[in-house]
Amino acid sequence: MIAQLARRQSPRPGTNSVWRLCYWTAIAFIFAWAVWQRFALPLDPIADPDTWGYLSPALRKLTGAEFGHTHGRNFLYPGFLYSVLRCFGDFRAIAIVQHLLGMAAGGVFLLTWRRLRAFVPNSLINPSLHDALGLAGAAIYLLASDSIRTETQLRPESVCAFLISINLYFTIQFICYCFVEHRRTVALVCAIVSLFSSLLLASARPNLWFIVIVVMVPVAAFFGRRNWWRQKIALGIAIALTAILVLWPERILSRKDRMSQTFLPTMLFVIHADLIRDQMAQDLKNNAQLPYPREWLEHVYTALNREIAKSQTKYPGHYPSLNFDPEYLWFEPDSIAAQLTREFGNNISAPCAFYRFYYWRTWQHRPLRALQKVARQFSIYYFPRCPAYTPTKIWPLVDVYERAVPSLEVGEYREIAQSFPPFSEFMRRTKSLAQNAPVTEQPRLIRVALTTLAVNYLRLVLLALTLSAVIFWRRARWQRLRWLAGLVLFGCAYNAAGCLAVAIANSLEVHRYITVQMYATLLTQFLTLRLILEFVLDIRQHRRGLI
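Note that residues are indexed from 1 along each chain, following the sequence as it is written. A pLDDT threshold of at least 70 governs which residues receive local features in this predicted model, and a stricter bar of 80 or more applies before side-chain atom pairs are shown or counted, although totals over entire chains, interfaces and linings include all residues. Excluding hydrogens and water, the side-chain figures rest on all heavy atoms present in the structure.

Re the overall build of the protein
Each helix corresponds to a stretch of at least 4 residues labelled H or I by DSSP, and each strand to a stretch of at least 2 residues labelled E; elements are numbered beginning at the N terminus. The number of helices and strands found in the protein is 25 helices and 2 strands. Throughout, radius of gyration means the C-alpha value; the globule benchmark is 2.2 Å times the number of residues raised to the power 0.38. Relative to its length of 547 residues, the protein is compact, with a C-alpha radius of gyration of 26 Å against a globular reference of 24 Å. When its C-alpha atoms are laid out on the principal axes, the protein stretches across 80 × 60 × 50 Å. Out of the 547 residues in the protein, the part that is buried amounts to 53%. Shrake-Rupley sampling with a 1.4 Å probe provides the accessible areas, and residues are treated as covered by the protein chains on show and by no other component. Element-wise, carbon and sulfur atoms account for 62% of the exposed surface of the protein, whose accessible area totals about 25200 Å². Positive and negative charge centroids in the protein, built from 59 and 33 side chains respectively, lie 15 Å apart. For every residue, the accessible area obtained with a 1.4 Å probe (protein chains only) is divided by the maximum for its type, and the residue is called buried under 20%, exposed over 50%, and partly exposed between those limits. We count Lys and Arg on the positive side and Asp and Glu on the negative side, and we leave His and both chain ends out. Every charge is mapped to an atom, namely NZ of Lys, CZ of Arg, CG of Asp or CD of Glu.

So, in structure tokens, the structure goes:
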């Protein structure tokens, strides 16, 4: 069957027209089904304990106060919430816009997939089979419960799939125009959009900053081309202007937010608390020369060791890869982060300096254990199955709205609800949905597809890396597939970069750090399938030619 579909011979007259009709009918059906799945759900977005950091800047601005940072959160998603609420004055509009952006990401998936044909000259795969693979990938993304669930949240993850889709599309376009088709002006435009979307993505979700480095690799290769001086100068100026446009507002708005300064150092300290504790013990044992008094360090070591043990007792199953609960150390009112904050008083820079000092000291003196921690986190994503795909059958919305109610009943929300009626209506509807929200079920076919993709992700990645090595090792033999192999390597690096930042600074056991990568993971996996199929058909044709 596959061999018949993959033949290079031209189809019978009329076959293309029939396939185009079937293809566009299937697209219309999939998007209609995706729309129904999304808009059959309650349209009130789902809050959680972190929502205040994203929502409060918009609410303050809408009630006459100043827009600014809260709890160290970036300005991009709060600005998005402010724009939607300012235009429509209804919280349900947030979920509607986020659903539409999710649908747009599915459409960009199809556009990206169709563009891949340009990277494989004289492809052995029938265009109909190629289009069918892209259609299957877009359908899985659009109909998966995790995609829909993410779009309902009051979190920046709800718009990240759209940003990732734009970023990947224009990066792939840039690679094609610059290195395959050699079209200077269009390549320059695509490079600028690719970099701008990379910075927006990293701004919305800081754990994706390493993705910017991956995207910069083909851009750096652009600067190595000969005789493109005008385009190089224009791109250099565009990079500077883009960085200023995205990063400068962040710097200005974060000045008045204390947690913007303490967030990252505190997170690094509590996530690596066990390693830092052991390093403190060694320093005290060896009487190391440190910028902190020995008596005080003994006190901190004792407190840290005690609080780690408490977190293990109170939340034994939380963060099993770390074997303690960093959230307890960070947010418990009497735990180590709160204790150190009180000891340093109002001096914000002092605890941050201490956290940074021991974090880097741990890497210097215990690099193997720090790398083991990173490797354990990577194993969560790659083995035994990729958690970016969630084949859960039932999604009980009552449970998520029940958990949202306490998040909206803190004192700050109550004060705003009195002066902003749309918010009070949103709180009322959330309480109602906590009692009567429906239960949704993920379609069985999608569950089977997600399970298959999750189980085989690591195998396909390893096979793709092996095939890519063969293709680049014997370039004369596999010249036709080098660009496709390069794209597969780019996709694998794109996913790995997203995992690496979390593996270093946090834990991939936090589900939102993984679900945000579903789009890129899915596209990469289908790219890998495309490479494997093309490789197999090439070998088959080569053997026939030798007979």
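Moving on from the coordinates now.
Comments concerning the packing of helix H19 (residues 397–407) against helix H21 (residues 421–436)
As a packed pair, H19 and H21 sit with axes 7 Å apart at the nearest point and diverge in direction by 140°. Here H19 is positioned oblique relative to H21, judged by the angle of their axes. Crossing of H19 against H21: the hand is left-handed. Contacts between H19 and H21 pair Val398, Tyr401, Glu402, Ala404 and Val405 from the former with Thr430, Lys431, Leu433, Ala434, Gln435 and Asn436 from the latter. Simply put, an axis is a line fit to the C-alpha atoms, just over the touching stretch for a helix, and the angle between two N-to-C directions goes from 0 to 180 degrees. Every angle not falling under 35 degrees, over 145, or within 65 to 115 is termed oblique; those three ranges are roughly parallel, roughly antiparallel and roughly perpendicular. By definition, turning the near helix anticlockwise from the far helix through less than a right angle yields a left-handed crossing, and turning it clockwise yields a right-handed one. Every residue pair with non-hydrogen atoms within 4.5 Å of one another is taken to be in contact.

Describing the confidence of the model for the protein
With 97% of its residues at a pLDDT of at least 70, the protein reaches an overall mean of 90. Below pLDDT 50 for its whole length, residues 1–13 participates in 16 contacts with residues either more than four positions away or in separate chains. Every residue gets a pLDDT, meaning the predictor's confidence in that residue, from 0 to 100.

What about the nonpolar core?
In a soluble, globular protein the nonpolar side chains are often hidden away together inside. As used here, the term nonpolar core means buried Ala, Val, Leu, Ile, Met, Phe, Trp, Tyr and Cys residues forming a set that is joined through side-chain atoms within 4.5 Å. Ranked by size, the top nonpolar core spans 153 residues in total, and within it Phe174, Phe354 and Phe423 carry the most contacts. Broken down by element, this core gets its largest block of residues, 15 residues, from helix H8 (residues 157–180). When neighbours within four sequence positions are excluded, Phe423 is seen to be in contact with Leu55, Leu59, Phe91, Leu408, Tyr413, Ile416 and Ala417. Counting 12 residues, the second-largest nonpolar core is a separate cluster that includes Trp395, Val405, Leu433 and Ala434.

A closer look at the pattern of salt bridges
Just to be clear on terms, a salt bridge is a Lys or Arg side-chain nitrogen sitting within 4 Å of an Asp or Glu carboxyl oxygen. Summed over the entire model, instances satisfying the criterion amount to 30 salt bridges. Across the salt bridge formed by Asp146 and Arg149, the nearest N and O atoms sit 3.9 Å from each other. Placement of the pair is Asp146 and Arg149 together in helix H7 (residues 145–151), with a separation of 3 residues, close to one helical turn. We classify Asp146 as buried; its relative accessible area is 5%. Between Glu181 and Arg183 there is a salt bridge, with the nearest N and O atoms lying 3.7 Å from each other. Through salt bridges with shared partners, a single network forms among Asp48, Asp50, Arg73, Arg155, Glu157, Arg205 and Arg512.

A closer look at the packing of helix H5 (residues 92–115) against H8
Remark: H5 packs on H8, axes separated minimally by 8 Å, with the N-to-C direction vectors making an angle of 20°. The orientation of H5 with respect to H8, classified from their angle, is roughly parallel. Here the hand of the crossing between H5 and H8 comes out left-handed. For the pair formed by H5 and H8, the contact residues are Gln98, Leu101, Ala104, Ala105, Val108, Leu111, Thr112 and Arg115 on the first element and Ser158, Val159, Ala161, Phe162, Ser165, Ile166, Tyr169, Ile172, Gln173, Cys176 and Tyr177 on the second. Throughout, the ten residues Ala, Val, Leu, Ile, Met, Phe, Trp, Tyr, Cys and Pro are labelled nonpolar, Asp, Glu, Lys and Arg are labelled charged, and all others, Gly among them, are labelled polar. Along the lines of polarity and charge, the residues of the contact of H5 with H8 split into 13 nonpolar, 5 polar and 1 charged.

Observations concerning the environment of Ser194
Residue position: Ser194 is located in helix H9 (residues 184–204). Exposure remark for Ser194: the relative accessible area of 1% places this residue in the buried category. Along the backbone, Ser194 and Phe535 are 341 residues apart, and their C-alpha atoms lie at a distance of 29 Å. Beyond its immediate stretch of four places on either side in the chain, Ser194 contacts Asn167, Phe170, Thr171 and Val215.

Concerning the packing of aromatic side chains
Whether two aromatic rings pair depends on their centres lying within 6.5 Å, for rings of Phe, Tyr and Trp, where Trp uses its six-membered ring; planes under 30 degrees apart make the pair stacked, over 60 edge-to-face, and the rest tilted. One pass over the full model with this rule turns up 37 aromatic pairs. A centroid spacing of 5.2 Å and a plane angle of 85° characterise the contact between Tyr169 and Phe170, whose relative ring orientation is edge-to-face. Overall, the relative accessible area of 18% leaves Tyr169 in the buried class. The class for Phe170 is partly exposed, based on a relative accessible area of 21%. Grouping aromatic residues by their ring pairs yields a cluster made of Phe269, Tyr292, Trp296, Phe344, Phe354, Tyr355, Phe357 and Tyr358. For a ring to carry a charge above it, either NZ of a lysine or CZ of an arginine must fall within 6 Å of the ring centroid while also lying within 35 degrees of the normal to the ring plane. Between the NZ or CZ atom of Arg115 and the centre of the ring of Tyr177, over which it lies, the distance is 4.8 Å. The ring of Trp478 carries the charged tip of Arg477 above its face, separated from the ring centre by 4.0 Å.

Details of the side chain of Asp283
Examined against the element boundaries, Asp283 turns out to sit in helix H13 (residues 273–286). Polar side-chain contacts of Asp283 include one of 2.8 Å to the side chain of Tyr358. Residues within four places of Asp283 in sequence aside, it is in contact with Ala288, Leu290, Tyr358 and Arg361. Between N or O atoms, a polar contact is any pair within 3.5 Å; within protein, one atom must be a potential hydrogen donor and the other a potential acceptor, and residues adjacent in sequence are included only when both atoms are from side chains.

Digging into empty space enclosed by the protein
We place a 1 Å grid over just the protein atoms. Points where a 1.4 Å probe fits but has no way out form a cavity, open points with protein on both sides within 12 Å along at least 5 of 7 lines form a pocket, and any residue with an atom within 4 Å of a point lines it. Grid points are joined across faces, edges and corners, and a volume is the space filled by probe spheres set on the points. The final tally for this structure, using the stated rule, is 2 cavities of 30 Å³ or more. In this structure, the largest cavity encloses a volume near 90 Å³. Lining of the largest cavity is provided by Tyr141, Asp146, Ser147, Thr150, Glu151, Glu157, Ser158, Ala161, Thr515, Val516, Met518 and Tyr519. Examining the composition of the lining of the largest cavity, we find that 4 residues originate from one element, H7, more than from any other. The residue makeup of the lining of the largest cavity, split by class, is 5 nonpolar, 4 polar and 3 charged. Size it by volume and the second largest cavity reaches roughly 60 Å³.

A look at H8
Every helix has an expected span of 1.5 Å times one less than the residues it contains. Taking 1.5 Å of rise per residue, the 24 residues of H8 would be expected to cover 34 Å, and the 33 Å separating its terminal C-alpha atoms lies within 8% of that figure. Within H8, 21 of the 24 residues are buried, leaving the element largely enclosed by the surrounding structure. At the exit of H8 stands His182, carrying a positive phi of roughly 60°.

Comments concerning the environment of Met280
Mapped onto the elements of the fold, Met280 is located in helix H13. Taking C-alpha positions, Met280 is 9.6 Å from Arg361, a pair spaced 81 residues apart along the chain. Ignoring anything within four residues of it in the chain, the contact list for Met280 reads Val300, Tyr301, Phe354 and Tyr358.

Focus on unusual backbone geometry
Each neighbour pair has its own omega, and for Phe383 with Pro384 the value is -5°, a cis peptide bond. Topologically, Pro384 is positioned in the loop between helix H18 (367–382) and strand S1 (394–396). If you check the backbone angles, Asn287 has positive phi at about 55° while not being a glycine. By secondary structure assignment, the location of Asn287 is in the loop between H13 and helix H14 (294–314). One non-glycine residue, Tyr319, lies in positive phi territory at about 55°. Tracing the chain through its elements places Tyr319 in the loop between H14 and helix H15 (326–331). Of the residues examined, Tyr319 reaches a relative accessible area of 5% and is grouped as buried.

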